[in-house]
Amino acid sequence: MAQAEDCIWKCCEEETEGHSAVIVQFSNGNLINPDNVDFTLYKNIDGNNPRKKSRRILVAETDRLSYVGNNFGPGSLKCNSLCKYYVGVLDKNTRQMEVHKAQIFNMQPLIPGESAPEGESAPDSSKSYRDKVDSLIEAFGTNKQKRALSSRRLNQVGSEALQHVVNKAASTIIDQKGLEALEQDIAQAEAQADTVLYLPPCDPDATQPQDVYPFDALISPVEYEALEAPARKLLELSPEGLEEMAKNSSPLSVLKLLKTLSGAEESHDWRARVLWYLSLLLKLAHQKSITRKFGLEEGCPRIIQNKLMRTFAVETFNQGRIQNLVPASMRAKLAAYSLALLLHLGEQTADLTLLHRDLRITEAKMLEVAKAMGLRLSRRPVSEDGGVGPESEHRLATLELPLVKYERLAQRHKRKKMK
């Protein structure tokens, strides 16, 4: 101990990955005579790849067995990535101890014929990995695992039979209808696919206009009951409160209909709930993402938050965290659902001009949504300030039965050449 106290601890210079010390431990016992063991350290030749340049394989050969250890893969020790290890080398002459970085290798015995080196295939390569796992389940699996294996094999046989039947039916249809007619049908279906994705639930065979886009499909009865508390604030709004909302750039579509709410009629409570939900949809159209804090200032119920995230947001992962993004493509869906609500509020007529301004989308995109919903378009002069200001021409959409079917232009009109 007296001599150790006189030693000087000296840190060595920064070392590279290839010159760190090596500490070995044998998984099946202790090494009695280290002089009879030959150690060889191999490093990865790919020095440019940051993930592979630090990979090392240590081989220890004895008269009886060979041992292999590595610092990567499932057999490596996790402690190398969690901790830093150092080895001290004492120079007896200078009484200085140099400290070097170290890595620990767990040496496993390598029995010939039992395992294959990495990158080489096993002697029996005729079976796939799935087949080998299935064989193990058949031999040593539990009853639950064996039932799952049997069920999966039956489903595989059923899917192969179904695929055979589908191929045979497709060949018959092609022979009967012709390839050109099928290609035209596919092109028409692809042209309408983008509109079907963002349209609200529709019943084109309904006998009454209000049943074409059912109200319960837009706001369920449970969600409607949850809107009672936040909608009560709209019913209690004073004229000064409406003016304050107008100054805060509230949606024009909502402000226009709020001015008609007065008294304590039962229909006004229904309209207030729908208008509050509509204002939330229009606010969502301006967001890039939605969180649990969305709508808290307005008293948004949790069930409404969950519906907005489920219907109008896309779940993504960013730096290990879940985010609910509202992409620009979702504005068309928000426009369709908002338009359907305005139809119920306005006796199946809605002002497209105000709505496209609230959503901050182009008028052409708003007209495209209205046409996809089968609405009849018209123009009407409307005063910009409640009958006081000058009139301007607004585009209106009306739901009438039967629904209007608009034909898509096959190609854009060619521009006229300048003479």
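Naming follows an unreviewed UniProt entry, where the protein appears as RNA polymerase I subunit E of Anguilla anguilla. Here the protein is described in UniProt, under the heading Subcellular location (unreviewed entry), as follows: "Nucleus, Nucleolus".

## Describing the environment of His100
For His100, the position within the fold is in strand S7 (residues 96–110). On the basis of relative accessible area, His100 is assigned to the buried category, the value being 19%. Distance from His100 to Ala21, taken between C-alpha atoms, is 6.5 Å for residues 79 residues apart in sequence. Engagement of the side chain of His100 in a polar contact is seen with the side chain of Glu98, the distance being 3.4 Å.

## Some thoughts on the environment of Ser338
Here Ser338 lies in helix H13 (residues 330–345). The residues touching Ser338, leaving out its near neighbours within four places in the chain, are Leu278, Leu281, Leu282 and Leu355.

## Examining the pattern of salt bridges
Inspection of the entire model under this criterion finds ten salt bridges. As a salt-bridge pair, Lys256 and Asp351 come within 3.9 Å of each other at their nearest N and O atoms. Remark: Asp351 occurs in strand S11 (residues 349–351) and Lys256 occurs in helix H10 (residues 252–258); sequence separation between them is 95 residues. With a relative accessible area of 43%, Lys256 lands in the partly exposed category. With a shortest N-O distance of 2.8 Å, Glu298 and Lys283 are connected by a salt bridge. Of this pair, Glu298 sits in the loop between strand S8 (289–290) and helix H12 (302–312) while Lys283 sits in helix H11 (residues 266–284), placing them 15 residues apart in sequence. On the accessibility criterion, Glu298 (26% relative accessible area) is partly exposed.

## Re the packing of aromatic side chains
For the coordinates displayed, the defined rule picks out four aromatic pairs. Seen in terms of ring centroids, Phe215 and Trp270 are 5.4 Å apart; in terms of plane orientation they differ by 45 degrees. Their pairing is tilted. With Phe215 in helix H6 (residues 215–218) and Trp270 in helix H11, this residue pair connects regions lying 55 residues apart in the sequence. Since its relative accessible area comes to 24%, Trp270 is described here as partly exposed. By the ring-pair criterion, three or more aromatic residues cluster together here, those being Phe215, Tyr224 and Trp270. Here Arg55 stacks its cationic end above the ring of Phe72, 4.8 Å away from the centre of that ring. Over the ring of Phe312 we find Lys333, and its NZ or CZ is 5.9 Å from the ring centre.

## Notes on the sheet that holds S8
Strand order across the open sheet formed by three strands is S8-S10-S9, with antiparallel pairing between neighbours. The open sheet has two edge strands with one neighbour each: S8 and strand S9 (314–318). Here two bridges tie S8 to strand S10 (residues 321–325), and the two strands are oriented antiparallel to one another. Paired with Ser289 across the bridge in S10 is Leu325.

## Re the confidence of the model for the protein
Fine structural detail should not be taken from predicted coordinates in areas where pLDDT scores are low. Here the protein shows a mean pLDDT of 79. Residues at 70 or above account for 80%. Across residues 116–123 the pLDDT falls below 50, and counting only partners more than four positions away or on other chains, this stretch makes four contacts in the model.

## Quick word on a nonpolar patch on the surface
The grouping of Val22, Val24, Leu31, Phe39 and Leu41 at the surface amounts to a nonpolar patch, some 360 Å² of accessible area in total. Along the chain, the position of Leu31 falls in the loop between strand S2 (21–26) and strand S3 (38–43). Accessibility expressed as a relative area gives 37% for Leu31, which makes it partly exposed.

## Some remarks on the pairing of strand S6 (residues 85–91)
Here seven bridges tie S6 to S7, and the two strands are oriented antiparallel to one another. For Val87, the partnering residue across the bridge sits in S7 and is His100. Hairpin connection of S6 to S7: four residues between the antiparallel strands, including Arg95 at a positive phi of 60 degrees.

## What to know about the packing of helix H14 (residues 352–359) against helix H15 (residues 363–372)
The geometry of H14 relative to H15 is characterised by a closest axis approach of 9 Å and an angle of 120 degrees between their N-to-C directions. Relative to H15, the element H14 lies oblique. Crossing geometry of H14 relative to H15 is assigned as right-handed. Within the contact between the two elements, H14 uses Leu352, Leu355, His356 and Leu359 and H15 uses Glu363, Met366, Leu367 and Ala370. Residues belonging to the contact of H14 with H15 are distributed by class as follows: six nonpolar, one polar and one charged.

The rules we used
- Residues numbered from 1 in each chain as written.
- Predicted model: local features only at pLDDT ≥ 70, side-chain atom pairs only at ≥ 80, totals over all residues.
- Heavy atoms only, no water.
- UniProt positions renumbered as here; feature names shortened; annotations may be inferred.
- Helix = DSSP H or I, 4+ residues; strand = E, 2+ residues; numbered from the N terminus.
- Buried < 20%, exposed > 50% of the residue type's maximum accessible area, 1.4 Å probe, protein only.
- Polar contact = N/O pair within 3.5 Å; in protein donor to acceptor, adjacent residues only side chain to side chain.
- Contact = heavy atoms within 4.5 Å.
- Salt bridge = Lys/Arg side-chain N within 4 Å of Asp/Glu carboxyl O.
- Phe/Tyr/Trp six-rings, centres within 6.5 Å; stacked < 30°, edge-to-face > 60°.
- Lys NZ or Arg CZ within 6 Å of the ring centre and 35° of its normal.
- Pairing = 2+ DSSP bridges.
- pLDDT = per-residue confidence, 0-100.
- Patch = residues over 30% accessible without salt bridge, like charges linked within 9 Å, V, L, I, M, F, W, Y side chains within 5 Å.
- Areas by Shrake-Rupley, 256 points an atom, 1.4 Å probe, with all protein chains shown as cover.
- Axes fitted to C-alpha atoms, helices over the stretch in contact; angles between N-to-C directions.
- Parallel < 35°, antiparallel > 145°, perpendicular 65-115°, else oblique.
- Left-handed = near helix turned anticlockwise from the far one by under 90°.
- Nonpolar A, V, L, I, M, F, W, Y, C, P; charged D, E, K, R; others polar.

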